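Coordinates in review
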Amino acid sequence: MNKHRLDPLLRPRSVAIVGASKRVDTVGSWAFINLQKGGYKGRIYPVNPRYKTLGDLPCFASLAELPEVPDLVVFAVSDARLEGVLDEAIALQVPAAVIQSTLVLDDDPEPVLRERIQQKIQNAGMLLCGGNGMGFYNVRDHVWTCGFDSADHAAPGNVTLISHSGAGMSGIIDCEERLRVNLAVSAGNELATTMDEYLDFALELPETRVVGLFVETARNPEGFAAALRKAAQRRIPVVALKVGRTAAAAKLTVSHSGAMAGDDACYEALFDRYGVQRARDQDEFTTLLIMFAELHPVGAGGLVSLHDSGGERQLLVDLAHDAGVPLTKLSGTTLEKLEDVLDPELPAVNPLDAWSRGGPDASQMMTNALTLMMQDPGAALGVVVHNRAPYGKIYASYLSYMQRARADSAKPVALVSATQGSGQDDAVVTSTHAGFPVLDGVSRFLQGVRALFAYRDFLLREPSELCKPDVAVVRHWQERLRSGETLGEHESLQMLTDFGVTATSPLAANDEESVVAAGAECGYPLVLKTARAGLVHKSDHGGVIVGIADEEQLRQMYALMRSRLGDDVLISTVADAGVEMILGVKRDPQFGPVVILGFGGVLAETIKDVQFALPPFDAAHARRCVERMKFRPLLDGTRGAPPANIDSFCRLAERFSIMVHALEEVLSEVDVNPVIVSDNDSLAVDALVVGRDRREDRGAN
Ligand code: ADP
Ligand code: MG
């Protein structure tokens, strides 16, 4: 493999353990033991003035006494002593370090230890795993730096796990033998090196089949997005367990690690963009990782499942529905063949209960049935759902069904236990490692299937080439927005039009004469709106009158509106009737402007049926967002209304996202509500754009 920036940290030629110790159950002893247990092939230098030797190795009094400058220093000293030894390492120009302690001292003056260390490490350009972590295991290259008791991690693994939570790493890799890692990193609070850099490293490893990320927050959001993009380009699946989904949990991210927390919806948008599959809890996370490691890739089609119980078969139908997992509708040919092999009382249907009378042929029947189902052209993946034998044993016969079926269908297959259990059977591990994973819990498994299918579909996406906005238009609006001003409706709609986002072009007027002239130019029926500066919800104040029929009515309405809201008004044509949608932009503290798409109108804030997407995106992406909306059926036409032209909305959203991307730096907020989507087309009829003065962000003003 090629050289990587993180080599001195993750693939060092020599390692010093400062504070290496003989005292049992200390970081200094575990780090020393683990490095050797992992089979480290480089030079190991224990450093501790109290010993002459440690194990078989000479022990040094200080870093300065080592025969060479080590690539990596693992610090295993108390926080009170850490700063001093770090200074020594920096003076020697050591390129990389691992810090596992919390870096908290009592009665520490500002800037506190953690900040001081961070500053020093960053100034020195040192790579750092930690602090407040559990080191890392580069299993493939035999570098284990964890300062805690550790299971055996046999090479070769094909899963990379990168975790902000130390327990989130060790709790999986130390306890779940089905999952084998090539690299596991407890990134801690990332005082220097961040998750995206480890991810980048993992993507360069030839054996990495899937990467799991346990994410508190992306401390380098741009790098994070770039690394996910690289994973997508290399077609290496990423599974994320992102905590801080709710506002209360996000607050903990900030207080726990002092890091910024972006809106969860933005992470969703980012994950959606790069095909990252999200797990909801640690069990699901682990299951997804095992399934991607052993079952990915899957082909076209749905899931076929084999059971030995009718009730469990029904339960699977319910659970698959909840999980959004399609079950294969078997072809006529498959059904006929199935009928030939099943006991006559068993219906040939997927999911299939193929166990009726038992007897000497039962196993053969199960094997044949599974094979036939998996050979169906509509089957992507097979599963055998079973209950374990006494003491949690796996029936060897079930493993043989799977092997035959996979050999004859060339499709992946798994064995899933219907319930959890504490039973032990080595076959669970050996079969999984042989590519026939044995998993626990049907719902969790189905989440894994959903993710496998979603990732398969992600890889089939072909984003269309997006058009480039006119350079002069971009420059003009960049200048205009840079002041941080809020643009009125008239100008906001003009901006949309300039970027090819179809919008009304209202006429401005400010006295009866100009209103009447504008009415004549626009034609009737028309819409009269107040243009009073700073008025946000115009219709709440009687500031929008739709469908004015003629000049007389226009004069009357203008007089009324003027008496309440002032002279300035806009006059525009009436849009065709349709469903009111919304397009918006909000600025995320981490990811910048994010586009909001959803159901709009005056009730938009109440119904809150919106999706987030990172700009720019194509119409197909907008379409996927629309398909996820709760009120999606409204667009099919209700109560006699014709179906809305969803494609026109998606094209408009594409244009909008291109605009947002082009004006990324100077946009603070945009609200286009509504975009009226008729059976014919889509038209933005109201807009509000807020510019962004970047000096304000920096607090200079
Ligand atoms: P505000 O959001 O400030 O209250 P809008 O301009 O969005 O004002 O108008 C409120 C409502 O009036 C819209 O949700 C839409 O139903 C209707 N409306 C506004 N402009 C038009 C138009 N040009 N054609 C048809 N209906 C319109
Ligand atoms: Mg509006």
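Scroll up to find the structure this text is about.
Residues numbered from 1 in each chain as written. Chains lettered and ligands numbered in written order. Predicted model: local features only at pLDDT ≥ 70, side-chain atom pairs only at ≥ 80, totals over all residues. Heavy atoms only, no water.

Digging into the nonpolar core
- In this structure, Leu 9, Leu 213, Phe 224, Leu 228 and Phe 445 are the most contacted members of the largest nonpolar core, which totals 109 residues.
- By residue number, the principal contributor to this core is helix H16 (residues 442–460), which donates 10 residues.
- Sequence-distant contacts of Leu 9, defined by excluding residues within four places in its chain, comprise Leu 72, Ala 96, Ala 97, Val 98, Leu 127, Leu 128, Cys 129, Phe 136, Thr 193 and Tyr 198.
- Of all hydrophobic cores here, the second largest spans 45 residues; its members include Leu 496, Ala 653, Met 659 and Val 670. (Core = buried A, V, L, I, M, F, W, Y, C linked by side-chain atoms within 4.5 Å. Buried < 20%, exposed > 50% of the residue type's maximum accessible area, 1.4 Å probe, protein only. Helix = DSSP H or I, 4+ residues; strand = E, 2+ residues; numbered from the N terminus. Contact = heavy atoms within 4.5 Å.)

Points about the coordination of the magnesium ion (ligand 2)
- All of the protein donors around the magnesium ion (ligand 2) are Asn 673 (O) and Asp 686 (OD); their distances to the metal are 2.2 Å. Here the residue Asn 673 occupies a position in strand S28 (residues 667–677), and Asp 686 occupies one in the loop between strand S29 (682–684) and strand S30 (687–691), the gap between them amounting to 13 residues. Both residues of the pair, Asn 673 and Asp 686, belong to the buried class. (Donors = N, O, S within 2.8 Å, 3.2 Å for Na, K, Ca; no water.)

Here's the deal with the site of ligand 1
- Around ligand 1, 18 residues are found, and the nearest of them are Lys 529, Lys 538, Ser 539, Ala 575 and Glu 580.
- In this structure, Ser 539 approaches ligand 1 through a side-chain N or O atom, which is 2.5 Å from an oxygen atom.
- Asn 673 places a main-chain nitrogen or oxygen 3.2 Å from an oxygen atom of ligand 1.
- Calculation on ligand 1 without its partners gives an accessible area of 540 Å², and the protein chains cover 88% of this total.
- Contributions of two or more residues to the shell around ligand 1 are made by strand S22 (526–530), strand S23 (544–548), strand S24 (569–573) and S28.
- Residue composition of the shell around ligand 1, by class: 9 nonpolar, 5 polar and 4 charged. (Near = heavy atom within 4 Å. Polar contact = N/O pair within 3.5 Å; in protein donor to acceptor, adjacent residues only side chain to side chain. Areas by Shrake-Rupley, 256 points an atom, 1.4 Å probe, with all protein chains shown as cover. Nonpolar A, V, L, I, M, F, W, Y, C, P; charged D, E, K, R; others polar.)

Structural notes on the sheet that holds strand S9 (residues 143–144)
- Ordered by their spatial adjacency, 7 strands build an open sheet running S9-S8-S11-S10-S12-S13-S14, and the pairing between neighbours is mixed. Each of the sheet's edge strands pairs with one partner strand only, and the pair in question is S9 and strand S14 (277–278).
- Two elements, strand S10 (residues 159–163) and strand S12 (residues 210–215), share 5 bridges in a ladder whose sense is parallel. If you follow Ser 163 over to S12, its bridge partner there is Phe 214.
- Against the sheet, helix H9 (residues 264–274) touches strand S13 (238–242) and S14, its axis set at about 175 degrees to S13. (Pairing = 2+ DSSP bridges. Axes fitted to C-alpha atoms, helices over the stretch in contact; angles between N-to-C directions.)

Here we look at the pattern of salt bridges
- Counted by the stated rule, this structure contains 44 salt bridges.
- Its salt-bridge partner being Arg 11, residue Asp 141 comes within 3.8 Å of it at the nearest N-O pair. Here Asp 141, found in the loop between strand S8 (136–138) and S9, pairs with Arg 11, found in the loop between helix H1 (7–10) and strand S1 (14–18); they are 130 residues apart in sequence, far enough to count as distant.
- Through salt bridges with shared partners, a single network forms among Asp 7, Arg 11, Arg 140, Asp 141 and Glu 207. (Salt bridge = Lys/Arg side-chain N within 4 Å of Asp/Glu carboxyl O.)

Some details on the packing of helix H11 (residues 310–323) against H16
- Packing of H11 against H16 leaves a shortest axis separation of 9 Å and a crossing angle of 45 degrees. Between H11 and H16, the angle falls in the class oblique. Between H11 and H16 lies a crossing whose hand is right-handed. Along the contact surface, H11 presents Leu 316, Leu 319, Ala 320 and Ala 323, while H16 presents Val 442, Ser 443, Leu 446, Gln 447 and Arg 450.
- Residues of the contact of H11 with H16, tallied by class, amount to 6 nonpolar, 2 polar and 1 charged. (Parallel < 35°, antiparallel > 145°, perpendicular 65-115°, else oblique. Left-handed = near helix turned anticlockwise from the far one by under 90°.)

A word on the sheet that holds strand S21 (residues 507–509)
- Taken together, 4 strands build an open sheet; the order of strands is S21-S24-S22-S23 and the sheet is antiparallel. Two strands bound the open sheet, and with one partner strand each, they are S21 and S23. Across the sheet, the mean angle separating the axes of adjacent strands is 25 degrees when strand polarity is ignored.
- Bridging between S22 and S23 involves 4 bridges; their strand directions are antiparallel. Paired with Leu 528 across the two strands is Ile 545, which belongs to S23.
- Here helix H19 (residues 512–522) sits on the sheet and contacts S21, S22 and S24; the angle it forms with S24, its principal contact strand, is near 15 degrees.
- Along the sheet, helix H20 (residues 551–565) contacts S22, S23 and S24; its crossing angle with S22, the most-contacted strand, is approximately 15 degrees.

Let's talk about H11
- The terminal C-alpha atoms of H11, which comprises 14 residues, lie 20 Å apart, in line with the 20 Å expected from a rise of 1.5 Å per residue.
- Every buried residue belonging to H11 is among Leu 316, Leu 319, Ala 320 and Ala 323, and all of these are buried. The buried residues of H11 occupy an angular sector of 105 degrees when projected down its axis, which confines them to one face. Away from its buried face by more than 90 degrees, H11 exposes Gln 314, His 321 and Asp 322.
- In this structure Ser 309 caps H11, since a side-chain oxygen of it lies 3.3 Å from the backbone nitrogen of Gly 311.
- Just past H11, the residue Gly 324 takes up positive phi, approximately 70 degrees. (Expected span 1.5 Å × (residues − 1). Arc of directions from axis to C-beta.)

Points about the pairing of S12
- Within S12, 6 of the 6 residues are buried, leaving the element largely enclosed by the surrounding structure.
- Across the two faces of S12 the burial is the same, with Val 210, Gly 212 and Phe 214 and Val 211, Leu 213 and Val 215 all buried.
- Summarising the sheet, S12 and S13 pair through 5 bridges and their orientation is parallel. Bridging across to S13, Leu 213 finds its partner in Ala 240.
- Remark: the S12/helix H7 (residues 221–233)/S13 crossover connection has right-handed handedness. (Right-handed = clockwise from strand over helix to strand, strands pointing away.)

Here we look at the side chain of Asn 189
- Summarising the element assignment, Asn 189 is placed in the loop between strand S11 (181–186) and helix H6 (195–204).
- Judged by its relative accessible area of 8%, Asn 189 falls in the buried class.
- Sequence-distant contacts of Asn 189, defined by excluding residues within four places in its chain, comprise Arg 114, Gly 130, Gly 131, Asn 132 and Arg 219.

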